[in-house]
Structure formats: structure tokens, C-alpha cells
Amino acid sequence: MSEACWVRHLDLLKELCQFWPTPPGWSTPHVSRTAVGAGRWSAQIVVATSHGPAGIAIGRGVAGDESALRTAYYELLKDIAQLEKLAEPEETVRLLDLDLTCVTKRAKSAVLPMAVPGFAAAGSVAVGRNFYAVRDAAGLDLVLRDAVERAWTQRNALEERALSVSAQALGTKLADRFELRERRLPSSDPRAALAAVVGMPLDPLAEPIFGFGIGTSAGAASAAATGACVDRLAVQESGLETSRREELDAVAAWLGRTRPGPAAPCGRLRLERCEFLDLTPEGGRDHMFILKAFAEDARVSSETSPLWPRIRRPATLRVV
């Protein structure tokens with residue numbers, strides 16, 4: 001990315017801060033960028049950080065254009081919202097059902113487990129302008145994480161699928177480094193398709209890559225899984241990845257196993273069974289909504305799980 005292009009990114013950051021400002025008490029976000037990739041594939045990983053009363057928040061985005069900064073900023077807002085809720089003295093939180101009408105109380109420690117020191121808060125949080133779209137995005141992410149965690153725990157072999165268009169495109173760019181394979185994960189929600197994409201390294205010394213995705217169609221799920229695979233690769237190549245090599249190899253070995261037909265769903269979680277915690281900051285409802293999905297029987301990976309890319313929260317802020 002040229003310096004002129006980066007200046008445009010900084011202008012975009014100013015626009016984001018004006019339209020969707022961080023809550024009172026939080027610093028103006030600092031951003032850093034790292035170029036990753038080689039040969040036919042390259043990308044930028046952007047990390048946004050801010051400090052406030054509840055600690056240091058972090059968000060990251062990966063892309064070849066300004067969408068990396070947008071994603072990093074949105075992830076930062078989600079992290080801030082969770083940190084602020086964790087810092088509140090109340091021990092219970094109010095949750096909404098799918099219709100956003102029924103309010104129930106849950107223990108905050110169950111809905112928002114205390115973040116592992118040094119790591120960003122857990123997932124199944126979405127941000128956006130449309131309340132219902134944000135609700136569905138958060139809920140479907142929880143459905144995906146529950147399904148992946150259950151299949152991983154049981155080490156269930158997955159159905160092999162031909163590479164989708166999106167996976168083929170990535171595979172072409174990475175053909176000299178990885179052999180990409182696609183898997184179908186069993187879904188407990190009939191309206192959602194789940195997919196996994198794994199890249200087996202051609203160099204035995206290199207680390208594998210993989211990603212999981214969910215969508216309303218097989219193609220949408222595959223595209224999401226391919227994007228998650230790219231995110232994993234960028235995080236690993238940037239040096240931000242904290243998963244150990246043996247952990248990554250174990251997940252790749254599991255995804256390398258196949259079965260001739262579809263596997264039975266491991267759980268029963270569906271979107272309509274999710275509840276939602278409204279994390280939207282005071283005064284922010286005119287511009288955005290932030291929701292976290294929760295289900296009492298959902299099996300969700302911790303921040304230290306190798307299933308999802310994990311990066312450490314910085315101890316201090318540093319501008320690169």
C-alpha cells in the first residue's frame with residue numbers, strides 16, 4: 001500500500017470516528033498496518049487499538065483495500081462494548097429473544113465470560129446500522145461456533161466438497177504454497193449452511209491454514225470460510241498469531257479426514273433459540289447497534305482456542 005493510499009485510509013478513519021465515535025473516555029483509535037503475502041497473494045492486516053476506563057481494546061481487519069480498516073474499526077467497537085459491559089458492577093444482564101420483545105435476566109458471567117488476560121474478548125458479537133441484520137449476524141455466528149466446537153470436540157470426520165468458486169480463486173493464488181480442500185459441516189439450523197476450508201502446506205515446515213463460515217446457501221458459507229482462511233493466513237504471516245504449531249496441525253489433521261456422506265448435526269442450536277445482549281453504547285443508537293448472541297446450551301470456544309485466529313491485546317498502545 002502506497003503512502004498516498006495510507007493517507008486516504010487515515011482520512012477514512014477520521015470519518016469513521018466522526019460517524020461512529022468511540023464511547024466517552026476512550027482515546028482516538030491508533031492504527032497500524034502490516035503487509036503480508038508473497039507471489040500471487042498479498043493483503044494488508046490493519047490493527048486498531050484504543051484505551052479507556054475498561055482497559056485496552058483491539059480490532060483487526062484483513063483485505064487488500066480500505067475494507068481492512070473498516071473491519072478493524074468495527075471490531076474495535078465490539079471489543080470496547082464488551083470490555084465496558086464486563087467492567088460494570090451489575091452481576092446480571094438483560095437479554096432479548098429473537099423478536100426483541102421478551103426480556104430475561106442472566107448471569108453476566110455466563111453471557112460474557114471474563115476475558116482471558118491478554119486476549120481480545122470472545123465472538124458472536126455483531127455491529128451495524130440495522131438492528132435485525134445485526135441480530136441475525138450475531139446469532140448465526142453463535143450457531144457456527146457451536147457446530148464447529150462440537151464437531152472438533154468429537155473429532156467427527158466431515159463430508160468432502162468440491163472447491164467452490166471463491167475457494168478455487170484463493171487456491172489459484174496460493175497454488176505454490178497450499179493445497180486447498182473444502183468440507184461441509186453439519187448444520188442444526190435448516191436455514192443455514194456451514195463450510196470449512198483448509199489449506200495443507202506444500203512445505204512441511206509451514207503452518208496449515210483453515211477457516212469456517214456460515215451462510216444462507218452453500219456458496220455463501222464457502223465464501224465466508226474462504227475469507228476466514230485468508231484472515232488466518234494474514235494473522236499467521238504478520239506474526240500476531242499466538243496458537244502453537246501443534247495446535248494448528250491438530251485442527252488441520254481433523255479437517256483432513258473425510259466421510260462419504262453428510263454427518264449428523266452434533267447439536268440442536270438454531271437462530272430462533274438465541275438470546276441477545278444489547279451492547280450499544282449510550283447515545284449510539286442513531287448510528288449503530290452492537291449485539292451479542294447467547295444460548296444457554298451453546299458450546300463456545302474460549303479466546304485461547306486454536307479454532308479461531310487469536311492475537312494478544314497489547315499491554316501498551318504503540319503507533320506504527
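Scope of this entry: the structure provided in the associated data block. (Residues numbered from 1 in each chain as written. Predicted model: local features only at pLDDT ≥ 70, side-chain atom pairs only at ≥ 80, totals over all residues. Heavy atoms only, no water.)

So, the packing of aromatic side chains
Line of reasoning, step 1. Applying the stated criterion across every chain, the model contains 8 aromatic pairs.
Line of reasoning, step 2. Taking 6.1 Å as the distance between ring centres and 70° as the angle between the ring planes, the aromatic pair formed by F131 and Y132 counts as edge-to-face.
Line of reasoning, step 3. Under the relative-accessibility criterion, F131 is labelled buried at 15%.
Line of reasoning, step 4. On the numbers, 4.9 Å between centres and 75° between planes, the contact of F131 with F289 is edge-to-face. Within this pair, whereas F131 is found in helix 4 (residues 131-154), its partner F289 is found in strand 13 (residues 289-294), the two being separated by 158 residues in sequence.
Line of reasoning, step 5. Taken together, W152, F210, F212, W254 and W308 form an aromatic cluster joined through their ring pairs.
Line of reasoning, step 6. The ring of W308 carries the charged tip of R145 above its face, separated from the ring centre by 4.4 Å.
Line of reasoning, step 7. The side chain of R155 reaches across the aromatic face of W152, ending 3.5 Å from its centre. (Phe/Tyr/Trp six-rings, centres within 6.5 Å; stacked < 30°, edge-to-face > 60°. Buried < 20%, exposed > 50% of the residue type's maximum accessible area, 1.4 Å probe, protein only. Helix = DSSP H or I, 4+ residues; strand = E, 2+ residues; numbered from the N terminus. Lys NZ or Arg CZ within 6 Å of the ring centre and 35° of its normal.)

A word on helix 5 (residues 165-173)
Line of reasoning, step 1. If you check which residues of helix 5 are buried, you get A167, L170 and G171. The arc that holds every buried residue of helix 5, seen down its axis, measures 105°, which confines them to one face.
Line of reasoning, step 2. Elements in contact with the buried residues of helix 5: strand 2 (41-52), strand 8 (178-185) and helix 6 (218-238). (Arc of directions from axis to C-beta. Contact = heavy atoms within 4.5 Å.)

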